[in-house]
Amino acid sequence: MGKKILLMFPPSIRNSYRMNSPPLGLIELGTYLEKNKINVQLLDFFSLVRRYNEKECIISDKKINLSFDKKIVSNYLFKDKNHKKISKQVNLLLNLIKHKNYSSIVFSISYHSQILSSFILAKELKKIANVKIIFGGQVISNFGLLLFNKFPFIDFIIKGDGKISLVQLLKNKNKKNYAKIGGLIYRKNNKIVENKIKSYKNIEFFHPKYDLLDLSLYYDEHKKLTIPYQISNLCPFNCSFCSYHVNNCLISKPFSIMIKDLKLIINKYNTNDIFFLDSTLNVSLKFLNEFCDSIIQNGVRIKWKALISISNLNVEVISKMKLAGCRFLFIGIESFSELTLKKMNKNIKINKVGRIIRACNKNKIKIIISLIAGFPNENIKELNKTIDFIKIYSKYIDILRIQRFSLDYNSTMFLNPKKFGFKILGCDVLNLILNKDFIKYRLLNNSLEETLKIKENSFKTLLRTSYKYNVKRNFFLSILVPFFIYKFILDHMNNDSPYNKTYDLVIYFIKKFINKFFGKDLFLY
């Protein structure tokens, strides 16, 4: 048997929270390659680095930290100038990889915060090992051609659901057959070629082999293991700010296969905690009802969490969801202004939202509400509608998640800036790599500085509201976490600040104390 293929889920530069569960995309990819008799090994570098850092002292210089100054990264990636800070971190990472054992290394990238570590590792591995470098994943699918053009150390990029294409690429003995591989970006005669993503009618469904990874990495402090699962990658919505739908070949599993998989997970891995990773579990009300009926009628006893849309929900189905085991919902409402929601192309009626939130609370289903701050041209009047709604319904909401608006590449807004009242000033690839705002824009009636100030003021306003109704209503919690500390922590998390020992200490002790005595994570951002 020849050298192995390494499938890597790269480490992140981001300090913020991520659900501690195995990366499903990596597992499904590894399972499919094994089924096709490809010698493969999986590496969840994301969790491995986190575990490595947890074992080190909080203020230890041996901790892996992948946040670097913009100039240092620019010199390293574009001018081939090394820097002692990058060299030190790269050496720490390479010590965890037996890089000489592989013929190809595949980077499966799900988050923007993984791009920098992927590029630094890929460039270094290309120097010291004779390996093919392959990039894939949802984030890379969106920026593939843009990135491939600038970084010659990447041999291939695969867009869309890459399982079939990756097998075809790895088994391709005749290098002239690249043109037949769906979604592949490659070089031919010093020119870059981009193949169209293919749709496959006869999809083979298979049970993900979660034990391809060391599952001991994912047990929480209560010795519980949460297993991720996906029924469908369908998203029936087309939010103006989102580009998720752009590179997807739509796939959905029959519920009969889902039931078999869930029973196998319960028996094999001794857990009934499931996180459904569908971008929207309720692609329709009919789909959601059938999903719940399948679980209830087959006696599958699970406790699950999921991402869900308000649009295809009603009070009756929430009671059924509870019976089917629902415990936690992530809901992207983004605004409580119907005018702003209309601009976002979100089919949400505000009077319905209140009923749904109360129904979740009544059924003891915890909810996280996601809100966007600084949506272009949202005025104070519309912002106040969101604040007023929070004042009324905050007691039914477990966590308010506030995030600054960021213009998504290839989204409807990006393609039609004038319609949404702004002008695109340019795209900064280095900012994309550093997990900062990739696209610069300004409102048509404002300068860039004024645009940024408006967005920041909106963020601070919503943040104060979040603080007031998440923290201040608990007297002891408000003493422990005054607003300036709350904002300080969230600002650092959102901006991916460089390593700061004081910051690490503050984060560590406050989070541990709050989780232990109040049973909640205020910093789920």
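Keep in mind that what you see is a predicted model, and the values were worked out from it rather than measured.

Draft legend 1. Molecular detail of the overall build of the chain. Helix and strand content of the chain: 19 helices and 15 strands. Across the 525 residues that make up the chain, the buried fraction comes to 55%. Restricting to contacts in the chain with at least 6 residues of sequence separation, those with at least 24 account for 72%.

Draft legend 2. View of helix 3 (residues 70-78). Burial in helix 3 covers these residues: I72, V73, S74, N75, Y76 and L77. Considering only its buried residues, helix 3 is in contact with helix 4 (84-94), helix 5 (115-128) and helix 15 (429-433). For helix 3, the capping residue at the N-terminal end is D69, with a side-chain oxygen 2.9 Å from the backbone nitrogen of K71. D80 lies just past helix 3 and shows a positive phi near 60 degrees.

Draft legend 3. Region of interest: the nonpolar core. Core analysis: the biggest nonpolar cluster contains 156 residues, and F276, F291, W304 and M321 have the highest contact counts within it. The greatest single-element share of this core, amounting to seven residues, is contributed by helix 5. Ignoring any residue separated from it by four or fewer positions in sequence, one finds F276 in contact with Y229, I231, M258, L262, L281, F291, I302, W304, K305, A306 and L307. Grouped together as the second largest cluster of nonpolar side chains are five residues, F275, F330, I368 and I399 included.

Draft legend 4. Quick look at the state of the cysteines. Applying the stated criterion across every chain yields a total of zero disulfides. As a non-bridged cysteine, C360 has C326 as the owner of its nearest cysteine sulfur, 7.1 Å distant.

Draft legend 5. Just the pattern of salt bridges, in detail. Tallied over the full model, the rule gives 15 salt bridges. With a shortest N-O distance of 3.8 Å, K127 and D80 are connected by a salt bridge. With K127 in helix 5 and D80 in the loop between helix 3 and helix 4, this pair connects stretches of sequence that are 47 residues apart. Each of the salt bridges in this network shares a partner with another, and the network as a whole consists of D80, K123, E124 and K127.

Draft legend 6. Region of the structure containing the packing of aromatic side chains. A complete count under the given rule lists 31 aromatic pairs for this structure. Between F143 and F438 the ring centres are 5.4 Å apart and the planes differ by 90 degrees, which places this aromatic pair in the edge-to-face class. A residue pair is termed long-range when its members are at least 10 positions apart, and F143 in helix 6 (residues 138-148) and F438 in the loop between helix 15 and strand 15 (439-443) qualify at 295 residues. Across this residue pair, the class does not change: F143 and F438 are buried.

Draft legend 7. Quick look at the sheet that holds strand 11 (residues 326-334). Here we have six strands laid out as an open sheet, ordered 8-9-10-11-12-13, and parallel in their pairing. Only two strands of the sheet have a single partner each, and these edge strands are strand 8 (226-229) and strand 13 (399-404). Mean inter-strand twist for the sheet, computed between neighbouring axes without regard to direction, equals 20 degrees. Across six bridges, strand 12 (residues 366-373) lies against strand 13 in parallel orientation. Looking at strand 13, one finds that I368 is bridged to I399. Each of strand 8 and strand 9 (273-276) touches helix 8 (residues 255-269); the most contacted strand, strand 8, lies at about 160 degrees to it.

Draft legend 8. Geometry of the confidence of the model for the chain. Per-residue confidence for the chain gives a mean pLDDT of 85; residues scoring 70 or more make up 84%. Of all helices and strands in the chain, the one with the weakest mean pLDDT is helix 19 (residues 501-518) (54), whereas strand 9 scores best (97). Between residues 493-503, whose pLDDT stays under 50, and residues either more than four places distant or in other chains, the model counts 33 contacts.

Draft legend 9. Inspection of unusual backbone geometry at higher detail. Positive phi values are uncommon outside glycine, yet K37 reaches one of about 60 degrees. Mapped onto the fold, K37 is located in the loop between helix 1 (24-35) and strand 2 (40-44). Positive phi outside glycine occurs at N435, with the angle close to 65 degrees. Position of N435 relative to the elements: it lies in the loop between helix 15 and strand 15.

Draft legend 10. Just the environment of Q403, in detail. Tracing the chain through its elements places Q403 in strand 13. C-alpha separation for the pair Q403 and I372, spaced 31 residues apart in sequence, amounts to 5.2 Å. When neighbours within four sequence positions are excluded, Q403 is seen to be in contact with E334, S370, L371, I372 and A373. A distance of 3.2 Å separates the side chain of Q403 from the side chain of S370, its partner in a polar contact. Polar side-chain contacts of Q403 include one of 2.9 Å to the side chain of R401.

About the thresholds
Residues numbered from 1 in each chain as written. Predicted model: local features only at pLDDT ≥ 70, side-chain atom pairs only at ≥ 80, totals over all residues. Heavy atoms only, no water. Helix = DSSP H or I, 4+ residues; strand = E, 2+ residues; numbered from the N terminus. Buried < 20%, exposed > 50% of the residue type's maximum accessible area, 1.4 Å probe, protein only. Contact = heavy atoms within 4.5 Å. Polar contact = N/O pair within 3.5 Å; in protein donor to acceptor, adjacent residues only side chain to side chain. Core = buried A, V, L, I, M, F, W, Y, C linked by side-chain atoms within 4.5 Å. Disulfide = S-S within 2.5 Å. Salt bridge = Lys/Arg side-chain N within 4 Å of Asp/Glu carboxyl O. Phe/Tyr/Trp six-rings, centres within 6.5 Å; stacked < 30°, edge-to-face > 60°. Pairing = 2+ DSSP bridges. Axes fitted to C-alpha atoms, helices over the stretch in contact; angles between N-to-C directions. pLDDT = per-residue confidence, 0-100.

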